[in-house]
Amino acid sequence: MLRGMPIPAFTLGPVAALGLVLAGAGPVSAEPSLSGPAPSCVVMYESWRYTDAANTCADTWSVSVLYQDGATSRCSTLPPGARATVGEGYLGAHGHADRLVLCTTP
């Protein structure tokens, strides 16, 4: 029923402006700054869909998944006793996870 009806130009302005704002919005977190391997008390579990990590340490650690292709996941902060999904699984864009590494940018 609205086919063929012109859309006034002034109604496109806010929509176009929102598109420009969203297009320039970059990633939510900065690229992780890696500082070395995660301690052995932070354990990684990989499946076809997700990579999880469990912190069995007494301290809080921020970790990132380092994949075999060199890519890294976003940093995830794990308090003692926590378990969380920290990256994609081996069917994702980067293949198998190689190891967990510490990151300084949570």
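Quick caveat, the model's predicted, so the values are computed rather than measured.

Student: Where do I start with the side chain of serine 73 in this structure?
Tutor: Among the secondary structure elements, serine 73 is positioned in the loop between strand 4 (61-67) and strand 5 (76-78). From its side chain, serine 73 meets the backbone nitrogen of valine 65 in a polar contact 2.8 Å long. At 3.0 Å, the side chain of serine 73 forms a polar contact with the backbone oxygen of valine 86.

Student: I keep staring at the nonpolar core and nothing clicks. Help me out?
Tutor: The tendency in soluble globular proteins is for nonpolar side chains to be buried side by side. Grouped together as the largest cluster of nonpolar side chains are 13 residues, with contacts concentrated most on Ala38, Val42, Ala53, Val63, Val65 and Leu100. When residues of this core are traced back to their parent elements, those giving at least two are strand 4 and strand 7 (97-103).

Student: Mind showing me how you'd approach the sheet that holds strand 1 (residues 34-37) here?
Tutor: The pairing of strands in a sheet happens through backbone hydrogen bonds and is either parallel or antiparallel. Taken together, the four strands give an open sheet; going across it, the order is 1-7-4-5, and neighbouring strands pair in antiparallel fashion. The open sheet has two edge strands, strand 1 and strand 5, and neither has a second partner. Across the sheet, the mean angle from the axis of one strand to that of its neighbour is 45 degrees, orientation sign disregarded. Pairing geometry for strand 4 and strand 7, over five bridges, is antiparallel. In the strand pairing of strand 7, valine 65 is matched with leucine 100.

Student: Teacher, can you tell me more about the sheet that holds strand 2 (residues 42-46) here?
Tutor: The three strands lie next to each other as 2-3-6, forming an open sheet whose pairing is antiparallel. Sheet topology places strand 2 and strand 6 (83-88) at the edges, where each strand pairs with a single neighbour. The average angle at which neighbouring strand axes cross in this sheet is 30 degrees, direction not considered. Here five bridges tie strand 3 (residues 50-55) to strand 6, and the two strands are oriented antiparallel to one another. Bridged to tyrosine 50 within strand 6 is glutamate 88.

Student: Would you explain the environment of tyrosine 50 in this entry?
Tutor: Mapped onto the secondary structure, tyrosine 50 falls in strand 3. A C-alpha to C-alpha distance of 8.6 Å links tyrosine 50 and glycine 92, two positions 42 residues apart in sequence. If near-sequence neighbours (up to four positions away) are discounted, tyrosine 50 is found in contact with Tyr45, Thr85, Gly87, Glu88 and Gly89. Within the structure, the side chain of tyrosine 50 is placed 3.3 Å from the side chain of arginine 49, a separation counted as a polar contact.

Student: For this particular structure, what's the right way to read a nonpolar patch on the surface?
Tutor: There is a patch of nonpolar side chains on the surface, built from Trp48, Tyr90 and Leu91 and spanning about 360 Å² of accessible area. Within the fold, leucine 91 resides in the loop between strand 6 and strand 7.

Student: I'm lost on the side chain of aspartate 52 in this one. Help?
Tutor: Here aspartate 52 shows up in strand 3. Engagement of the side chain of aspartate 52 in a polar contact is seen with the side chain of threonine 85, the distance being 2.9 Å. Excluding residues within four positions of it along the chain, aspartate 52 makes contact with Val43, Met44, Tyr45, Arg83, Ala84, Thr85 and Val86.

Rules behind the numbers
- Residues numbered from 1 in each chain as written.
- Predicted model: local features only at pLDDT ≥ 70, side-chain atom pairs only at ≥ 80, totals over all residues.
- Heavy atoms only, no water.
- Helix = DSSP H or I, 4+ residues; strand = E, 2+ residues; numbered from the N terminus.
- Polar contact = N/O pair within 3.5 Å; in protein donor to acceptor, adjacent residues only side chain to side chain.
- Core = buried A, V, L, I, M, F, W, Y, C linked by side-chain atoms within 4.5 Å.
- Buried < 20%, exposed > 50% of the residue type's maximum accessible area, 1.4 Å probe, protein only.
- Pairing = 2+ DSSP bridges.
- Axes fitted to C-alpha atoms, helices over the stretch in contact; angles between N-to-C directions.
- Contact = heavy atoms within 4.5 Å.
- Patch = residues over 30% accessible without salt bridge, like charges linked within 9 Å, V, L, I, M, F, W, Y side chains within 5 Å.
- Areas by Shrake-Rupley, 256 points an atom, 1.4 Å probe, with all protein chains shown as cover.
- Salt bridge = Lys/Arg side-chain N within 4 Å of Asp/Glu carboxyl O.

Read these as layout, nothing more, since geometry by itself doesn't imply function.
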